[in-house]
2 protein chains.
Amino acid sequence: MRIGLDMMGGDFAPAEAVKGVKLYLDAVASDAHLVLIGDESQLAPLLADAQLDQSKYSVVHSSQVIGMDEHPTRALKEKPHSSISIGFHLLKNEKIDAFISAGNTGAMMVGTFYSIKAIDGVQRPTISTLVPRENGSQGLLLDVGINADCKPENLVQFAILGSLYSKHILKIDNPKVGLLNIGEEEGKGNLLAQATYPLLKENKLINFIGNIEGRDLFSGKADVMVCEGFTGNIVLKLAESFYDISVRRNIQDDYLKQFDSESYGGTPVLGVSKPVIIGHGISKGLAFQNMILLAQQMIESKLLEEIKESFHSNS
Amino acid sequence: MRIGLDMMGGDFAPAEAVKGVKLYLDAVASDAHLVLIGDESQLAPLLADAQLDQSKYSVVHSSQVIGMDEHPTRALKEKPHSSISIGFHLLKNEKIDAFISAGNTGAMMVGTFYSIKAIDGVQRPTISTLVPRENGSQGLLLDVGINADCKPENLVQFAILGSLYSKHILKIDNPKVGLLNIGEEEGKGNLLAQATYPLLKENKLINFIGNIEGRDLFSGKADVMVCEGFTGNIVLKLAESFYDISVRRNIQDDYLKQFDSESYGGTPVLGVSKPVIIGHGISKGLAFQNMILLAQQMIESKLLEEIKESFHSNS
């Protein structure tokens, strides 16, 4: 198992990426080999300091970096020697089994779609966010931003992808699917939600429990919460801002602490043929460790296989 | 000035409504006369206990109550002697200048549209919520639920209505208008947001500052935050749930306390010809007091007049 990691992505790269590698190698007994993609001259002293087991990783040099604010398509085209471009090249050519970056999100999305393909039958790959719940478990909200306008069929596919992710990675049996809406009863909501409800209800691949409202997001009422990416992205950033407010106001609370993006690391792109994980730009060591762990879990689990089966028999 | 109050609406009626009346009359020096609509036999002992100045109010008897879960249109038709039906009858016939209820929200909306009209030129009346900001000021988010599907022109009208409300009631000069979206630059967002941006930009009646994201809701970046009612309602209920979580977890924080719906009372229906204020079902005395105060401010201010002028010259 070879996991590729962009060492140059994110606001605190490469130092925090190296910290994440160390945390992972120290804590996790795994046969994973890490492929660290980045500027050799910057990485060498950091890796030496970290005193890592040299059999556990190798470095692939990249001479360019895609900045956080660069135009995704243009940057990928103009910077073939960037860590992100090289990462996708390695992934496409099966030199690595998963690719992780906390760099330019747009470039990660474009790179994903151009280098590896959507799984047959998946109309729109999606990204999600973990939602900490008061009962200690984790829910999943999707889409959170790459599909701003959706058709009902897209939301049904998100429900299937999210259910399989919950089952295989979050270890939730028969996860409950809720449609994020503005009322509880069938028939409530905007035109999209009204049209999506009956499709979710009749779908045999998921355990649909009905509509959930904004107040139910953290209650555990549903494990997989489905919406288009416009609402999902606003909800995600709003929840993150609540965490930021709690930090600024020095509120000490174990539950609110779980909203720290460090604790969940990154989001996988669901519906594509290989594991791609996109981290927050502010990722630090713990987030990188968690992303590497997630990549390992996604490779070891039957998640991708089951997604392929579900959409094959359904398409 | 005569302000009508439904004494039978809300989970804690009529006792908390009476408390609100007492709080208002004790605290506010006003020539407002309150018209209390409710069951006389239930109200009489409560009003006697409260020891109110009898010149300041009168009671209009209602023999029926519309329950919180009743079907709005059916209930209004079948219960002409309910406090909500009588309230709208009085408002329509100019026996009261404003009507307030914490009862069935749907019945309040239907009653508003049937008994008093939308202001000429207003395509869709709207409801909003106050947003407490960390800097101590209050923002306004609209629509928060009655217009789940919108056209770009509707959002522009919400921006105008919200700006006038901010100016006249919240006393914010030249309020900044932001479009709730999933990116900062023009061109970002779903089709609705993309089409709305240029219309807001060219509109002379508002001070448009561009897109705002979910994380900007509490930052004060914009005073008036515009979106369709689907996203707005989910954001509103999500924010309320954060407050509920902080209460359950016994988090003591002055800023989070402002999210208590009691502190802002109710939401006016904007874009209709007379002040109608809808309260939360869980309203207690303080919320009722604040709603009566808001009704007074809306009658005294030039808000409705200016809305009529803006839409007249614009329609």
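Residues numbered from 1 in each chain as written. Chains lettered and ligands numbered in written order. Predicted model: local features only at pLDDT ≥ 70, side-chain atom pairs only at ≥ 80, totals over all residues. Heavy atoms only, no water.

Per an unreviewed UniProt entry, chain A goes by the name Phosphate acyltransferase and belongs to Chitinophaga flava.

*Asks:* What exactly am I supposed to notice about the pairing of strand β10 (residues 266-270) of chain B here?
*Replies:* Regular strands place side chains that alternate from one sheet face to the opposite one. Residue and element names in this part refer to chain B. Burial runs high along β10: five of the five residues are buried. Examined bridge by bridge, strand β5 (residues 126-132) and β10 share two bridges and lie antiparallel to one another. Its bridge partner lying in β10, T126 is registered against L270. Pairing analysis gives three bridges linking β10 to strand β11 (residues 276-279), with the strands arranged antiparallel. Across the sheet, the residue bridging to G266 is G279, located in β11. Counted along the chain from β10 to the antiparallel partner β11, the turn is five residues long, and its residue G271 has a positive phi close to 105°. (Buried < 20%, exposed > 50% of the residue type's maximum accessible area, 1.4 Å probe, protein only. Helix = DSSP H or I, 4+ residues; strand = E, 2+ residues; numbered from the N terminus. Pairing = 2+ DSSP bridges.)

*Asks:* Quick question: what am I supposed to make of the relation of the copies chain A and chain B here?
*Replies:* The operation relating the two chain copies consists of a rotation about an axis and a shift along that axis. The transformation that overlays chain A on chain B combines an axial shift of 0.0 Å with a rotation of 180°, and the residual RMSD is 0.0 Å. Taken together, the turn and the small shift mark the pair as related by a two-fold rotation axis. Taking C-alpha positions as reference, the residue of chain A nearest the rotation axis is T231 of chain A, located at 2.8 Å. The share of interface residues of chain A whose copies in chain B are also at the interface is 100%, consistent with both copies meeting through the same surface. (Least-squares fit on C-alpha atoms with pLDDT ≥ 70 in both. Contact = heavy atoms within 4.5 Å.)

*Asks:* It is not clear to me how the environment of A27 of chain A should be interpreted in this structure. Could you clarify?
*Replies:* All names here are of chain A. In this fold, A27 is placed in helix α1 (residues 15-27). Look at A27 and you get exposed, because its relative accessible area is 57%. Through-space distance from the C-alpha of A27 to that of Q289 is 9.2 Å; in sequence the pair is 262 residues apart.

*Asks:* Would you take a moment to explain the sheet that holds strand β5 (residues 126-132) of chain A for this structure?
*Replies:* Backbone hydrogen bonds hold the strands of a sheet together, and the pairing may be parallel or antiparallel. All names here are of chain A. Strand order in the open sheet formed by 11 strands is β3-β2-β1-β4-β11-β10-β5-β6-β9-β7-β8, and the pairing between neighbours is mixed. Looking at strand neighbours, the two that pair on one side only are β3 (57-61) and β8 (207-212), the edges of this open sheet. Averaged over all adjacent pairs, the angle separating strand axes in this sheet is 25°, with direction ignored. The pairing of strand β1 (residues 2-6) with strand β2 (residues 33-38) spans five bridges and is classified as parallel. Paired with D6 across the two strands is I37, which belongs to β2. Its contacts with the sheet place α1 against β1 and β2, and it is angled at close to 175° to β2. (Axes fitted to C-alpha atoms, helices over the stretch in contact; angles between N-to-C directions.)

*Asks:* Sorry if this is basic, but what is going on with the domain arrangement of chain A here?
*Replies:* By a widespread convention, an interface's size corresponds to the accessible area lost as its parts come together. All names here are of chain A. Looking at the assigned domains, one finds that chain A contains domain 1 (1-121 + 271-302) and domain 2 (123-262). In this structure, domain 1 and domain 2 have C-alpha centres spaced 26 Å apart. Of the residues lining the interface, 19 residues belong to domain 1; the matching set on domain 2 comes to 12 residues. When domain 1 packs against domain 2, the two sides together hide about 1,200 Å² of surface, and 63% of this comes from carbon and sulfur. Seen at the junction of domain 1 and domain 2, the total is zero salt bridges. Where domain 1 meets domain 2, there are six residue pairs in polar contact (both at pLDDT 80 or more). Here the side of domain 1 that touches domain 2 gets seven residues from one element, more than from any other, and that element is helix α11 (residues 285-300). (Domains from an automatic or database assignment. Buried area = accessible area lost by both parts, 1.4 Å probe. Salt bridge = Lys/Arg side-chain N within 4 Å of Asp/Glu carboxyl O. Polar contact = N/O pair within 3.5 Å; in protein donor to acceptor, adjacent residues only side chain to side chain.)

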